[in-house]
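Spelled out from the first residue to the last, the chains are:
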Amino acid sequence: MPLVRETIATFIQNEGHKVDVSPVDDDDGVSEILFKSRGQVFSVTTYERDPGTYVVSTAYEVPEWAYERTQTAETLQTVNEDFPDITFIMAHDGALFVASAEEEPGSPEAFTLSFWETVARVREAGASAIERIVDRTESKAAAEKFINSFMRGDQ
Amino acid sequence: MSDPLTPIEIALDDEGLFFTRDDDEDTFRVAFKSEGDRYFVVAYRDDPNFLMIGSGWALPAEIELFDALDVANTLNVRKKFVKTALWEDERDVLFTVELCVRDAEEVRPNFGRLLDVLRDTAAEFFEELRDDEE
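What you see is a predicted model, and the numbers here were worked out from it, not measured in a lab.

Draft legend 1. Representation of the overall build of chain B. Counting its secondary structure elements, chain B contains three helices and six strands. Reading the helices (α) and strands (β) of chain B from amino to carboxyl end gives α-β-β-β-β-α-β-β-α. The dimensions of chain B, computed from C-alpha atoms along their principal axes, are 50 × 30 × 25 Å. Counting contacts in chain B only where the partners sit at least 6 residues apart, residues at least 24 apart contribute 54% of the total. Split by element, the accessible area of chain B, about 7500 Å² in all, is 47% carbon and sulfur. Across chain B, the 15 positively charged side chains and the 35 negatively charged ones have centroids separated by 5 Å.

Right under this line is the structure:
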């Protein structure tokens, strides 16, 4: 019987994408498959002991100028309300966040049937989060600029 | 003549996609898949400034050609870059981006965007037809 990671990696390759497969925990049969789609690197975590469960993730870097840990956490929480099945985790002290979907399709074959829909959902949630983080920072910057110039009597 | 599609191969590599070459005496051709959908890039030996990126789809039997033409026309008015064309006899629909370039290297930094717009146009085309049917 083929390994779960091989079935999924072969599927992604047949769909046209190069993959990089690496074991995360050999004893537990946990592996990570990396591939790129629409310019974004995605990771699929597979479990040989649980061929019905998968995690699809992608990381987004928060632009340095938009970096503000508390606000990013708040924004991710708000976005999570719109995408309740997507988990957001901040990493590197808030310099990036990871958007993940845990899927339980039941089998590798079932997972491949909804694979691109899952990828699209994770992408949409992540893109929405980064958009709001940037928007919020821009609004805040604009407000600060206005307040500062107002205090200096320019307005 | 040097290979005009080398920059496209590099762009596909950057996108993490496999590709195959299928050149003949008239054309240079690259074929590839992205998220399971097939695409091609073509350049003609006798027209070194022309480059076409595209994808072709079969129209499902239940779709009326008139409806498909109507949607194609709407998309042609609205969409940047992409031309939607129907091959009525074959019942095929073709989405293409046709460019006039000095060198395909000019396309390389925008390749991801062009691929996105091709993909989105095809998705919208079939979505519109599905909505019309319902």
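Draft legend 2. Inspection of the sheet that holds strand E1 (residues 19–25) of chain A at higher detail. Residue and element names in this part refer to chain A. Taken in spatial order, the six strands make up an open sheet running E1-E2-E3-E4-E6-E5, and their pairing is antiparallel. Edge positions in the sheet fall to E1 and strand E5 (86–91), since each has one partner strand and no second. In this sheet, neighbouring strand axes are inclined to one another by 25 degrees on average, regardless of whether the strands run parallel or antiparallel. Note that E5 and strand E6 (residues 96–103) share six bridges and pair antiparallel. Across the sheet, residue Thr87 finds its bridge partner in E6, namely Ser100. In the packing of helix H2 (residues 69–82) onto the sheet, contacts are made with E5 and E6, and the angle to E5 comes to roughly 170 degrees.

Draft legend 3. View of the side chain of A:Ser57. Residue and element names in this part refer to chain A. Looking at where Ser57 falls in the secondary structure, it is placed in strand E4 (residues 54–61). Judged by its relative accessible area of 12%, Ser57 falls in the buried class. A distance of 3.0 Å separates a polar atom in the side chain of Ser57 from a polar atom in the side chain of Ser100. Every residue in contact with Ser57, bar those within four places of it in the chain, is listed here: Val41, Phe42, Ser43, Val98, Ala99, Ser100 and Val122.

Draft legend 4. View of the side chain of A:Ser31. All names here are of chain A. Looking at the element boundaries, Ser31 is found in strand E2 (residues 30–37). The class of Ser31 is buried, set by a relative accessible area of 0%. Beyond its immediate sequence surroundings of up to four residues, Ser31 is in contact with Arg5, Ser22, Pro23, Val24, Val44, Thr45 and Thr46.

Draft legend 5. Representation of the nonpolar core in the model. With 37 residues, the main nonpolar core has B:Ile8, B:Phe32, B:Val41, B:Leu51, B:Val107, B:Phe111 and B:Phe125 as its most contacted residues. Listed by contribution, the elements that provide at least two residues to this core are helix H1 (6–14), strand E2 (27–34), strand E3 (37–44), strand E4 (47–58), helix H2 (65–78), strand E5 (82–87), strand E6 (92–100) and helix H3 (111–133) of chain B. Of all the elements, H3(B) adds the most residues to this core, at nine residues. For B:Ile8, the contacting residues outside a window of four places in its chain are B:Val41, B:Leu51, B:Ala104, B:Val107 and B:Phe111. Residues A:Val4, A:Ala101, A:Phe111 and A:Ile133 belong to the second largest nonpolar core, which totals 31 residues.

Draft legend 6. Quick look at the packing of aromatic side chains. All names here are of chain A. The tally for this structure, following the rule as stated, stands at 15 aromatic pairs over all chains. Between Phe11 and Phe115, the aromatic rings sit 5.5 Å apart at their centres with planes inclined by 80 degrees, giving edge-to-face as the arrangement. Here Phe11 is found in helix H1 (residues 4–14), whereas its partner Phe115 is found in helix H4 (residues 115–151), with 104 residues between them in sequence. The buried category is assigned to Phe11, whose relative accessible area is 16%. Where Phe88 meets Phe97, the ring centres are 6.0 Å apart and the plane angle is 65 degrees; that geometry is what we call edge-to-face. By the burial criterion, Phe88 is buried, and Phe97 matches it. Members of the aromatic cluster, each reached through a chain of ring pairs, are Phe11, Phe35, Phe42, Tyr54, Phe111, Phe115 and Trp116.

Conventions used here
- Residues numbered from 1 in each chain as written.
- Chains lettered and ligands numbered in written order.
- Predicted model: local features only at pLDDT ≥ 70, side-chain atom pairs only at ≥ 80, totals over all residues.
- Heavy atoms only, no water.
- Helix = DSSP H or I, 4+ residues; strand = E, 2+ residues; numbered from the N terminus.
- Contact = heavy atoms within 4.5 Å.
- Areas by Shrake-Rupley, 256 points an atom, 1.4 Å probe, with all protein chains shown as cover.
- Lys, Arg positive; Asp, Glu negative; His and termini not counted.
- Charge placed at Lys NZ, Arg CZ, Asp CG, Glu CD.
- Pairing = 2+ DSSP bridges.
- Axes fitted to C-alpha atoms, helices over the stretch in contact; angles between N-to-C directions.
- Buried < 20%, exposed > 50% of the residue type's maximum accessible area, 1.4 Å probe, protein only.
- Polar contact = N/O pair within 3.5 Å; in protein donor to acceptor, adjacent residues only side chain to side chain.
- Core = buried A, V, L, I, M, F, W, Y, C linked by side-chain atoms within 4.5 Å.
- Phe/Tyr/Trp six-rings, centres within 6.5 Å; stacked < 30°, edge-to-face > 60°.

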